[in-house]
Amino acid sequence: MIQFSEALDIVKANTINPGTERVPLSLALGRSLAETIFADRDTPPFNKSAVDGFACKAESLDAKLEIVETIPAGYEPKICLKKGECSRIMTGAMLPIGADTIVMVEDCTVDGNYMYYKGVTTRDNICRMGEDMAEGDVAIASGTLIGAPHIAILASMGVPNPLVYKKIKMGILSTGDEIVEPQVSPGKVQIRNSNGWQIYAQAIASGVYASYLGIAKDIKESVKSSILDGIKSNDILIITGGVSMGDFDYVPETLEELGFKILFNKVAVQPGKPSTFAILKEKDNISKVVFALPGNPVSSLLQFQLLVKEWIYSSMESKSKAIWTKIPISLDFKRKNSSRLSFIPGKITESGEFEPLSYNGSAHILAMGDANAVASIPIGTSQIQKGENVTIFILE
Ligand code: AMP
Ligand code: MG
């Protein structure tokens, strides 16, 4: 059995290279940027007004000012301001030469061609050329996961088709004789397939192409043909169930028979101990990857977040967006067995504490419905007192 941190290192070291492509901004959300974007001009590109108002010389504000020009956004001012003059100016418009201050329209009275200032100036309301970024500076680093702010930056830097990593193709296979699809009315001893759809959802949210591959029976041939089918058209396969020590858990041996090398199959983590990671090599390159996760729904949900996502992001040369932090726990916590790193679901309270939820273990997917964070309890820690810090990560 290996430690969780070792498992994570192995996962990050055994990625694939999905290649790159250019996509329009409309399709760039969630992709990993495969080029560094440098500012193509200063931001702002000229001294501009932050408000609707009047541009003038601050020294002349104590008297009436003659309005000599109106400057809309997108118009280059023609008149150089002298003492006693001002120009009406709109937000985003270029500051006229000679002006050093813009006063807000709300603080001014206009009488014909003259403006009287009745406010108290505290700031000049000018956004200065280059104050946000100078031409040539790094605007977005390669490997950034593109979110809405990055779309705005790409657009403003004139990058309508950014180079991004191609989407990884992920197949999702459930296993188990007892598993039926959600639309099926389950028999007495049957369970509806929650893992397949939960993993599908996480896959989509992680920016991969997800293919749902159905449910394999706990028969070796069924497991084998489903895996063979799945790896044909995908880079990575996520299998749930059939990885433990049961008589009908055929996944690990089938992977080996198909030429996969199992890099780990037991991790000192709870839930998720039998999590298995296997690679298939073609010459010296990894051509296919399989994560076989335990069937219990909380195990597969958390191990996807903790291991699979990290593999996806590492393959796209990007850092995970996972937020880990330390906050105080809201009540006393105890556990009997502290031999594994343990993840427990909870809620972040309004006062910023971690409140563990009532949780019956790895089959208790309903507990996750109320959770927005998970605390990691280190090996050897069997109790934590109310108010002590715990390390948590925010559930996405
Ligand atoms: P296994 O890892 O195959 O031994 O399964 C462990 C537990 O998870 C069993 O109680 C299974 O019924 C349950 N389980 C396995 N696969 C799924 C699935 N796709 N959806 C919901 N529960 C599952
Ligand atoms: Mg099973």
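A quick note: this is a predicted structure, and the numbers were derived from the prediction, not measured.

Thresholds applied
Residues numbered from 1 in each chain as written. Chains lettered and ligands numbered in written order. Predicted model: local features only at pLDDT ≥ 70, side-chain atom pairs only at ≥ 80, totals over all residues. Heavy atoms only, no water. Helix = DSSP H or I, 4+ residues; strand = E, 2+ residues; numbered from the N terminus. Rg over C-alpha atoms; globule rule 2.2 N^0.38 Å. Buried < 20%, exposed > 50% of the residue type's maximum accessible area, 1.4 Å probe, protein only. Contact = heavy atoms within 4.5 Å. Core = buried A, V, L, I, M, F, W, Y, C linked by side-chain atoms within 4.5 Å. Near = heavy atom within 4 Å. Polar contact = N/O pair within 3.5 Å; in protein donor to acceptor, adjacent residues only side chain to side chain. Areas by Shrake-Rupley, 256 points an atom, 1.4 Å probe, with all protein chains shown as cover. Nonpolar A, V, L, I, M, F, W, Y, C, P; charged D, E, K, R; others polar. Pairing = 2+ DSSP bridges. Axes fitted to C-alpha atoms, helices over the stretch in contact; angles between N-to-C directions. Domains from an automatic or database assignment. Parallel < 35°, antiparallel > 145°, perpendicular 65-115°, else oblique. Left-handed = near helix turned anticlockwise from the far one by under 90°. Phe/Tyr/Trp six-rings, centres within 6.5 Å; stacked < 30°, edge-to-face > 60°. Lys NZ or Arg CZ within 6 Å of the ring centre and 35° of its normal.

Counting its regular elements, the protein contains 7 helices and 28 strands. The globule rule puts the C-alpha radius of gyration for 396 residues at 21 Å, and the 30 Å found for the protein is more than 25% above it. A principal-axis box enclosing the C-alpha atoms of the protein has dimensions of 90 × 50 × 40 Å. By the burial criterion, 48% of the 396 residues in the protein qualify as buried. Intrachain contacts of the protein at a sequence separation of at least 6 include 69% that bridge at least 24 residues.

Residues Met-170, Ile-238, Val-289, Phe-291, Leu-302, Trp-311 and Ile-312 are the most contacted members of the largest nonpolar core, which totals 47 residues. For this core, the element with the highest residue contribution is helix α6 (residues 297-315), accounting for 10 residues. Excluding its chain neighbours within four sequence positions, the residues that come into contact with Val-289 are Asn-14, Ile-16, Asp-235, Ile-236, Leu-237, Phe-260, Phe-277, Ala-278, Ile-279 and Trp-311. Judged by nonpolar contacts, the second largest core, of 17 residues, contains Leu-173, Leu-258, Phe-260 and Ala-292.

For the rest of this paragraph, the subject is the site of ligand 1. Residues in contact with ligand 1 amount to 17 residues; listed here are only the nearest, Glu-178, Asn-193, Ser-194, Gly-242 and Gly-295. The contact in question runs from a nitrogen atom of ligand 1 to an N or O atom on the backbone of Ser-194, over 3.1 Å. In this structure, a nitrogen atom belonging to ligand 1 sits 3.3 Å away from a main-chain N or O atom of Asn-195. Relative to its free-state accessible area of 490 Å², ligand 1 is covered by the protein chains to the extent of 79%. Of all elements in the fold, only β13 (169-175) and β15 (191-192) reach the threshold of two or more residues within the shell around ligand 1. When the residues that make up the shell around ligand 1 are grouped by side-chain class, the tally is 4 nonpolar, 11 polar and 2 charged.

Cis geometry is found at the peptide bond from Thr-43 to Pro-44, where omega equals -10 degrees. Position of Pro-44 among the secondary structure elements: in the loop between β2 (37-38) and β3 (48-49). With an omega of 5 degrees, the peptide bond running from Gln-270 to Pro-271 counts as cis. Its place among the elements puts Pro-271 in the loop between β19 (269-270) and β20 (276-282). Positive phi outside glycine occurs at Glu-317, with the angle close to 60 degrees.

A few words now on the environment of Phe-333. Topologically, Phe-333 is positioned in strand β23 (residues 333-334). Here the alpha-carbon distance between Phe-333 and Ile-384, two residues 51 residues apart in the chain, equals 5.0 Å. Among all residues touching Phe-333, those that are not within four sequence positions of it are Ile-344, Ile-377, Ser-382, Gln-383 and Ile-384.

Time to look at the sheet that holds strand β6 (residues 85-89). Strand order in this open sheet of 6 strands is β7-β4-β6-β5-β9-β8, and the pairing throughout is mixed. Where the open sheet ends on each side, the last strands, each with one partner, are β7 (101-104) and β8 (108-111). Averaged over all pairs of adjacent strands, the angle between their axes in this sheet comes to 40 degrees, without regard to strand direction. Inspection of the sheet shows strand β5 (residues 65-71) paired to strand β9 (residues 114-117) by 2 bridges, in the antiparallel sense. Bridge pairing in β9 places Leu-65 opposite Met-115.

Once that is clear, we can look at the domain arrangement of the protein. Segmentation of the protein into domains returns domain 1 (4-18 + 167-315), domain 2 (20-42 + 131-165), domain 3 (48-127) and domain 4 (324-394). A C-alpha centroid distance of 35 Å is found between domain 2 and domain 3.

We now examine the sheet that holds strand β18 (residues 261-264). The sheet built from 6 strands is open, its strands ordered β16-β13-β17-β21-β20-β18 with mixed pairing. At either end of the open sheet lies a strand with only one pairing partner, and these are β16 (209-216) and β18. Here the average twist between neighbouring strands, direction ignored, is 25 degrees. This element, helix α3 (residues 195-205), spans β13, β16, β17 (236-240) and β21 (285-293) of the sheet and lies at about 170 degrees to β16.

Our next topic: the packing of helix α1 (residues 4-13) against α6. Closest axis-to-axis distance for the α1/α6 pair is 8 Å, and the angle between their directions is 30 degrees. Judged by the angle between their axes, α1 and α6 are roughly parallel. Both α1 and α6 take part in a crossing whose hand is right-handed. Mapping the contact onto sequence places Phe-4, Ala-7, Leu-8, Val-11 and Lys-12 in α1 and Gln-303, Leu-306, Leu-307, Glu-310, Trp-311 and Ser-314 in α6. A class-by-class count of the residues in the contact of α1 with α6 yields 7 nonpolar, 2 polar and 2 charged.

As enumerated under the stated definition, the model contains 7 aromatic pairs in all. Considering the side-chain rings of Trp-197 and Tyr-200, the 6.0 Å spacing of their centres and the 55 degrees angle between planes classify their relative orientation as tilted. On the criterion of helical spacing, the pair formed by Trp-197 and Tyr-200 is a turn pair, its members being 3 residues apart in helix α3. We classify Trp-197 as partly exposed; its relative accessible area is 36%. What links up through ring pairs into an aromatic cluster is the set Phe-4, Trp-324, Phe-343 and Phe-393. Over the ring of Tyr-114 we find Lys-64, and its NZ or CZ is 4.4 Å from the ring centre.

The buried fraction of strand β24 (residues 341-348) is high, at 6 of 8 residues. Of the pairings in the sheet, the one linking β24 to strand β25 (residues 354-356) comprises 3 bridges and is antiparallel in character. Its bridge partner being in β25, Lys-347 is matched across the sheet by Glu-355. Hairpin connection from β24 to β25: 5 residues lie between these consecutive antiparallel strands, with Gly-352 at a positive phi of about 80 degrees.

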